[in-house]
Amino acid sequence: MGRSSKDKRDIYYRLAKEEGWRARSAFKLLQLDQEFNLFTGVNRAVDLCAAPGSWSQVLSRKLRGLEEKGEKVEEVKIVAVDLQAMAPLPGVTQIQGDITKVSTAQEIIRHFEGQPADLVVCDGAPDVTGLHDVDEYIQAQLLLAALNITSHVLKPGGTFVAKIFRGKDVTLLYSQLKLFFGGVTCAKPRSSRNSSIEAFVVCQNYSPPEGYVPNMSNPLLDHAYDVDFNQLQGPNRVIVPFLACGDLSAFDSDRTYPLQLDSGKQYEYTPPHAAPDLPPLPAGLPPPKKQPAVQRRCQTSRPEPGRDGSNSR
Ligand code: SAM
């Protein structure tokens, strides 16, 4: 039996209400901070996929806390982004947009021109479909879009924290993240349900490969698969050696060759080694009507004569 919505209102749900957080997720960021000390020396932060805003609340309270106590801190800047609109929060600039769009990425970057961020967090999650492979794939795309934005705004040495689904291909994501950060840890806060495959990657000490130039040619953004990757240089472009194999005098598979018969020899038909899928048409029947490709692929047997009227007398 599934849990009723009342059961889902667990201790963190109730605590969030009591302490004034907009969502129970606030505790995930607070518990990550207990372990990784995320906010020390942080004045500028980006909260990607921020609605309804409990992580932004945590950022606002933690970064602006000292300011409110009258202590002199550098100007605090917090930028929160989400597809959905969010109720305003003190000291938080909001952008409503899709983080996989170049336009949103550029808008975030504009806010940080000349002043890189110290911390980027992303709690982005797609609307889960229940198809695990699809959900994990979309989640990974969100994380990579967040990483792309991060590469434009995060200062060297900065920290990136993002939700990750620990699916079967998660090691590929870890290795991509490890290219950009000195340390990558996968953390599971107590407030994240054990029944969920969600966890958080805490990526510390941002240090992209030497010569890496952040760019918007990431095909994930706006699905721009027509990007000319040849224009990318140095570490921005991965070049895998290309090797043509086989004797150059062998037949070219893109050319048509005339029959090559020894003089005086007749062409001899060689039957196919595998029998065709469909048995040959009985003699005297007209060929079946042309069907759309999808239907043709699904067809396992020839339509019986007369069923569709084409062969009826
Ligand atoms: N951290 C938030 C908090 O503490 O209130 C909760 C985030 S909620 C789990 C996930 C959010 O990701 C949703 O608000 C959703 O709108 C946002 N999201 C999903 N895909 C997005 C995208 N492509 N661009 C921006 N936001 C996205």
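By the naming in an unreviewed UniProt entry, the chain is Putative tRNA (cytidine(32)/guanosine(34)-2'-O)-methyltransferase, taken from Champsocephalus gunnari. Recorded in UniProt under Catalytic activity (unreviewed entry), the annotation for the chain is "cytidine(32)/guanosine(34) in tRNA + 2 S-adenosyl-L-methionine = 2'-O-methylcytidine(32)/2'-O-methylguanosine(34) in tRNA + 2 S-adenosyl-L-homocysteine + 2 H(+)". If you open the UniProt record of the chain and go to Sequence similarities (unreviewed entry), you find "Belongs to the class I-like SAM-binding methyltransferase superfamily. RNA methyltransferase RlmE family. TRM7 subfamily."

Novice: Which parts of the structure should I look at to understand the overall build of the chain?
Specialist: If you tally the helices and strands in the chain, you get 8 helices and 7 strands. Every one of the 313 residues in the chain was classed for burial, and the buried ones make up 26%. Intrachain contacts of the chain at a sequence separation of at least 6 include 66% that bridge at least 24 residues.

Novice: What is the right way to look at the UniProt feature "binding site: S-adenosyl-L-methionine" (unreviewed entry) in the chain in this model?
Specialist: Following the UniProt record, the feature "binding site: S-adenosyl-L-methionine" (unreviewed entry) maps to G53, W55, D82, D98 and D123 here. For G53, a count of 25 C-beta atoms within 10 Å corresponds to the buried category. When neighbours within four sequence positions are excluded, G53 is seen to be in contact with R22, A80, M86, A87 and L89. Ignoring sequence-local partners within four residues, the contact set of D82 consists of C49, A50, A51 and Q96.

Novice: Hey, could you run me through the environment of Q204 in this one?
Specialist: Topologically, Q204 is positioned in strand β7 (residues 198-206). On the neighbour-count criterion, Q204 (17 C-beta atoms within 10 Å) is partly exposed. Sequence-wise, Q204 and D82 are 122 residues apart; in three dimensions their C-alpha atoms are separated by 24 Å. In contact with Q204, other than residues within four places in its own chain, are T159, F181, G182 and G183.

Novice: Explanation requested: the UniProt feature "active site" (unreviewed entry) in the chain in the structure shown.
Specialist: The positions that UniProt labels "active site" (unreviewed entry) are, in the present scheme, K163. Along the chain, K163 turns up in strand β5 (residues 154-165). When the 22 C-beta atoms within 10 Å are taken as the criterion, K163 is described as buried. Apart from residues lying up to four places away in sequence, K163 is in contact with C122, D123, G124, A125, E198 and F200.

Novice: Teacher, can you tell me more about the site of the ligand here?
Specialist: Surrounding the ligand, one finds 23 residues, the nearest of these being S25, C49, A51, S54 and D123. Of all the secondary-structure elements, those providing two or more residues to the shell around the ligand are α4 (54-68) and β2 (77-82). Here the shell around the ligand is composed, by residue class, of 13 nonpolar, 6 polar and 4 charged.

Novice: How do you make sense of the sheet that holds strand β4 (residues 117-122) when you look at a structure like this?
Specialist: Sheet strands line up and pair through hydrogen bonds in the backbone, either parallel or antiparallel. Taking strand neighbours across the sheet as the criterion, the 7 strands line up as β3-β2-β1-β4-β5-β7-β6 in an open arrangement whose pairing is mixed. Of all the strands in the sheet, the pair left with one neighbour each is β3 (92-96) and β6 (181-187). The average angle at which neighbouring strand axes cross in this sheet is 15°, direction not considered. By the bridge criterion, 5 bridges tie β2 to β3 in an arrangement that is parallel. Looking at β3, one finds that I78 is bridged to V92. Helix α3 (residues 26-36) rests against β4, β5, β6 and β7 of the sheet, and its axis sits at about 45° to β7.

Novice: How should the packing of helix α5 (residues 102-111) against helix α6 (residues 132-153) be read in this particular structure?
Specialist: The description of two helices packed together rests on the angle between their axes and the distance between the axes. In the contact formed by α5 and α6, the axes pass within 10 Å of each other and the chain directions differ by 30°. When the interaxial angle is binned, α5 and α6 end up roughly parallel. Here α5 and α6 pass one another in a crossing that is right-handed. Here A105, I108 and I109 of α5 come into contact with α6, specifically with N148, I149, H152 and V153.

Novice: Please explain unusual backbone geometry as it appears in this structure.
Specialist: Each neighbour pair has its own omega, and for A51 with P52 the value is 0°, a cis peptide bond. Take P52: it is sitting in the loop between β1 (44-48) and α4. The backbone of N37 shows a phi angle near 50°, a positive value even though the residue is not glycine. Relative to the elements of secondary structure, N37 occurs in the loop between α3 and β1.

Novice: Is there a simple way to explain the environment of F180 in this structure?
Specialist: In this fold, F180 is placed in the loop between α7 (170-178) and β6. The class of F180 is partly exposed, set by 19 C-beta atoms lying within 10 Å. When the C-alpha positions of F180 and V92 are compared, they lie 27 Å apart, and in sequence the two are 88 residues distant.

Novice: What is the right way to read the pairing of β7 from this model?
Specialist: Side-chain positions along a regular strand alternate between the two faces of the sheet. Note that β5 and β7 share 6 bridges and pair antiparallel. By the bridge assignment for β7, A162 is matched with V201. Relative to β7, β6 is paired through 6 bridges, and the arrangement is antiparallel. The residue bridging C186 from the neighbouring strand is V201, located in β7.

Rules used throughout
Throughout, a residue's number is its position along its own chain's written sequence, starting from 1. Whole-chain, interface and lining totals are the exception, using all residues; otherwise, since this is a predicted model, local features are given only for residues with pLDDT of at least 70 and side-chain atom pairs are given and counted only at 80 or more. UniProt positions are given in the numbering used here, feature names are shortened, and annotations may be inferred rather than shown by experiment. Strands here are runs of E lasting at least two residues and helices are runs of H or I lasting at least four, both read from the DSSP assignment and numbered beginning at the N terminus. Any residue whose C-beta has 12 or fewer other C-beta atoms within 10 Å is treated as exposed, any with 20 or more as buried, and any in between as partly exposed, C-beta atoms being built from the backbone. Throughout, a pair of residues is in contact if the C-beta atoms placed from their backbones lie within 7 Å. Nearness rests on one distance test: the residue's C-beta atom, set from the backbone, must lie within 6 Å of the molecule or strand. Residues are grouped as follows: Ala, Val, Leu, Ile, Met, Phe, Trp, Tyr, Cys and Pro are nonpolar; Asp, Glu, Lys and Arg are charged; all remaining types, including Gly, are polar. We treat two strands as partners when DSSP finds at least two bridges between them. Each axis is a line fitted through C-alpha atoms, taken for helices only over the stretch in contact, and angles between the N-to-C directions span 0 to 180 degrees. Oblique is the label for any angle not under 35 degrees, not over 145, and not in the 65 to 115 range, which are roughly parallel, roughly antiparallel and roughly perpendicular in turn. Each helix crossing is assigned a hand: it is left-handed if the near helix lies turned anticlockwise from the far helix by less than a right angle, otherwise right-handed if that turn is clockwise.

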